[in-house]
Amino acid sequence: MRCGNCQAVCPVFSQTCREADVARGKIVLLQNLAYELIKDPKAVEERLTRCLLCGACEHNCSTGVKTLEIFVEGRIALTQYLKLSPIKKFIFQSLLTHPKLFKNAIRTGSLFQGLILRRQKNKQNTATAPLLKPFLGARHIPTLPKKQLSEKYGVLVGDKSKKYNVIFYPGCMSDKVYTQIGDAVLSLLFHYDVGVIMPDDFSCCGLPALASGDKNGFDALVKNNIGVFERIGLDHGVDYVVSACPSCTETLHKWWLQLSGNYSLKERDVLQKISAKAIDMHDFLYNVLKIDTSKTTPKENAAVITYHESCHLKKSLGISKEVRELLKLNENYVLKEMAEADKCCGCGGSFTLTQPELSLKIGTRKWKNIVDSGAEEVVTACPACMMQIADMLGRNQTDIKVRHSLEILAETLTAGK
Ligand code: SF4
Ligand code: SF4
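Residues numbered from 1 in each chain as written. Chains lettered and ligands numbered in written order. Predicted model: local features only at pLDDT ≥ 70, side-chain atom pairs only at ≥ 80, totals over all residues. Heavy atoms only, no water.

Student: Give me the site of ligand 2: which residues, what numbers.
Tutor: Surrounding ligand 2, one finds 13 residues, the nearest of these being Cys10, Cys51, Leu52, Cys54 and Cys57. Among the secondary structure elements, those contributing two or more residues to the shell around ligand 2 are helix H1 (11-16) and helix H5 (56-59). By residue class, the composition of the shell around ligand 2 is eleven nonpolar, one polar and one charged. (Near = heavy atom within 4 Å. Helix = DSSP H or I, 4+ residues; strand = E, 2+ residues; numbered from the N terminus. Nonpolar A, V, L, I, M, F, W, Y, C, P; charged D, E, K, R; others polar.)

Student: How would you explain the sheet that holds strand S1 (residues 118-119) if you had to name every residue and give the values?
Tutor: Strands pair in a sheet through their backbones, by hydrogen bonds, and they do so in one of two ways: parallel or antiparallel. In spatial order, the strands read S1-S2-S3; together these three strands make up an open sheet with antiparallel pairing. This sheet does not close on itself; its edge strands, each paired only once, are S1 and strand S3 (141-142). The sheet contact formed by strand S2 (residues 126-128) and S3 spans two bridges and is antiparallel. Note on S3: the bridge partner recorded for Ala127 is Ile141. (Pairing = 2+ DSSP bridges.)

Student: I'd love a proper account of the sheet that holds strand S8 (residues 278-280), names of residues and values included.
Tutor: Spatial strand order, S4-S6-S5-S7-S8: five strands in an open sheet with mixed pairing. Here the strands that pair on one side only, and so sit at the sheet edges, are strand S4 (156-157) and S8. Pairing geometry for strand S7 (residues 240-243) and S8, over three bridges, is parallel. Each residue of the ladder has a partner; that of Val242, found in S8, is Ile279. Helix H16 (residues 265-277) contacts S7 and S8 of the sheet and is inclined by roughly 25° relative to S8. (Contact = heavy atoms within 4.5 Å. Axes fitted to C-alpha atoms, helices over the stretch in contact; angles between N-to-C directions.)

Student: Requested: an account of the packing of helix H12 (residues 179-191) against helix H17 (residues 281-288), with residues and values cited.
Tutor: A pair of packed helices is captured by two measures, namely the crossing angle of their axes and the spacing between those axes. Contact pair H12 / H17: the axes reach a minimum separation of 11 Å and the direction vectors enclose 20°. Classified by the angle their axes make, H12 and H17 are roughly parallel. In this structure, the crossing between H12 and H17 has a hand that is left-handed. On the side of H12, the interface is formed by Val185, Leu188 and Leu189, while H17 contributes Met281, Phe284 and Leu285. A class-by-class count of the residues in the contact of H12 with H17 yields six nonpolar, no polar and no charged. (Parallel < 35°, antiparallel > 145°, perpendicular 65-115°, else oblique. Left-handed = near helix turned anticlockwise from the far one by under 90°.)

Given below as structure tokens:
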């Protein structure tokens, strides 16, 4: 319980060398939570937010300590004690819980983003926001697409004559920001003859609310989504629930059920089914559809790409070699490993906003590893990692493109393969 092995893998500890920043230190703090909360709640908050929830400590813990569960429960207790800020309360409990309102807000944002965003002519397609410097600093952010994914494709209802029917859960990032990831998922599913069910009223999976300890907001979002899944029906004709966002997949698979102790039996029954069917898209392609990747060799002039492993995909969902194998399908690219490919990029959802300096330091280490790999392009399987890496590359004016691994795969289809 006190071995300290987690020190070697914690991206925050590697920057600060503070015992309070590593899993062991946080667990000691949480063991005395009630006392510490009364003594100095702000200090507890300061220590608990200095964590990316990356799961490296849990993944490498030889005695199987469930650090992520301990940290999440700790954040919930802390937020109940300190109360949520009004801005977070509005975002998690009003904006995100009303999918139509959220859609309209993003649509309005996409129309008027030109007024505050300065597009950068770089390979990452990022923009800066000089007027928002007090909040965003020098951050490079993605621009919003003209049409959200659900607006582009409408409601998809599946096809029961197919061998597999899947519900596609795009998550906020693939639906509203990086819609090209959603395009890639859908083109791959259609190509491999899979029936696709995609409603247009899913809510956020709730992970951002959970990371902020907002159990009320999380519950409201989960219950919204339960309603959508119930309407679709999970008992007949739905084999899997796929996503291209590992954070969403992990939340659907683990957190929804894990934190549903006070839900009704009927709701828990739906969550059991969702948990059993939730799967990352790479896992689905490689382990369910069993796409043959054995015969492909890169062309002589293939472009060099490198792969950053998302924490949630590798450490929480156990998907690692699958992505590398699938990338081989595109013979126009050759994979060159970067150092510390599975080390966190420093995003951690709201960590990047609450701990900007630490996030930048961790991200800079990732940026250096990407540059040192000599790749023309960096690939990752997580939209949040894409955002953080694009920020790092954009800030440093580095001429390297960032894409989701599924975009590389989908490209083989349009090349007529
Ligand atoms: S959390 Fe696991 S790895 Fe870290 S000190 Fe405790 S037992 Fe060791
Ligand atoms: S979840 Fe990640 S950042 Fe948090 S303590 Fe564990 S290794 Fe460190």
